[in-house]
Amino acid sequence: MIATLNIKQAVQHWLESKSRRRAFRQAVSRAYATFARQYPEWAASYFDEYFLTHDAALLLARTGQGVASPTPHALAICWSRQMTWFREETRQQLIAELTPVASDFLGWLAAELPVRETTGELLPQPAVGGSNCQSTKSNLTLKKL
């Protein structure tokens with residue numbers, strides 16, 4: 001009986017987490033659609049859905065979890081790490097230009113999340129398992145959640 005209950009709980013937890021991940025990916029997708037319409041030049045400059053669901057996934061997963069939400073500057077830095085820069089000045093300039101744009105994206109994402117949370121379906125989860133935008137300390141913090 002206990003083993004059956006544990007298996008049932010494990011399956012239920014797996015289904016719920018899969019549903020939350022799907023809901024989070026959908027929220028990112030909807031926020032990105034708005035972003036791409038508003039900022040097509042940035043969408044064409046690798047601030048795209050792939051970046052958001054892969055490189056920035058763990059950073060974005062902190063949104064709405066009661067821990068420090070990602071900052072626009074952190075998201076801009078994450079974006080910059082996709083590329084090799086020959087001039088640090090260029091990288092810093094683009095981070096400065098992207099930061100207010102990233103703020104808009106995070107606002108649209110935050111607006112999408114509560115809509116799903118009211119259904120009881122969403123607690124944000126990373127869309128994929130890894131990210132090159134997190135420090136070791138941040139990764140450890142996320143693993144504890």
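It should be emphasised that the depicted structure is a prediction, and the values quoted were computed from it without experimental measurement. What you see as residue numbers is a count from 1 along each chain, following the sequence as written. Local features are withheld for residues below a pLDDT of 70 in this predicted model, meaning they are given only at 70 or higher, and side-chain atom pairs are given and counted only at 80 or more; totals for whole chains, interfaces and linings count all residues. Here the side-chain values reflect all heavy atoms present in the structure, with hydrogen atoms and water set aside.

As a further point, take the packing of aromatic side chains. Two aromatic rings, taken as a pair, are described by how far apart their centres are and by the angle between their planes. Each pair of aromatic rings taken from Phe, Tyr and Trp, with Trp reduced to its six-membered ring, is defined by centres within 6.5 Å and is described as stacked if the planes are under 30 degrees apart, edge-to-face if over 60, and tilted in the remaining cases. Counted according to the given criterion, the structure contains 9 aromatic pairs. Ring plane angle 40 degrees and centroid distance 5.5 Å describe the contact between Phe-35 and Tyr-39, whose orientation is recorded as tilted. The same class applies to Phe-35 and to Tyr-39, which are both buried. Taking the centre distance of 6.3 Å and the plane angle of 50 degrees together, the rings of Tyr-39 and Trp-108 count as tilted. Residue Tyr-39 is found in the loop between helix H1 (2–38) and helix H2 (40–43), and its partner Trp-108 is found in helix H6 (residues 88–117); the two are separated by 69 residues along the sequence. Buried residues are those whose accessible area, probed at 1.4 Å on protein chains only, stays under 20% of the maximum for their type, while exposed residues exceed 50% and partly exposed ones sit between those limits. The numbering of helices and of strands both runs from the N terminus, where a helix is a DSSP run of H or I of at least 4 residues and a strand a run of E of at least 2.

Moving on: the pattern of salt bridges. The rule for a salt bridge is simple: a side-chain nitrogen of Lys or Arg has to be within 4 Å of a carboxyl oxygen of Asp or Glu. Scanning the model with the defined rule gives 3 salt bridges in all. Notably, a salt bridge pairs Glu-88 with Arg-91, separated by 2.8 Å at the nearest N-O pair. Taken as a pair, Glu-88 and Arg-91 lie in helix H6 at a separation of 3 residues, close to a single helical turn.

Another point: the nonpolar core. What is meant by a nonpolar core is a set of buried Ala, Val, Leu, Ile, Met, Phe, Trp, Tyr and Cys residues, joined one to another through side-chain atoms within 4.5 Å. In terms of nonpolar packing, the biggest core is built from 27 residues, with Phe-35, Phe-47, Leu-60, Leu-75 and Phe-105 touching the most fellow members. Elements supplying a minimum of two residues to this core: H1, H2, helix H3 (49–53), helix H4 (57–61), helix H5 (72–80) and H6. Here this core takes 8 residues from H6, the largest share from any one element.

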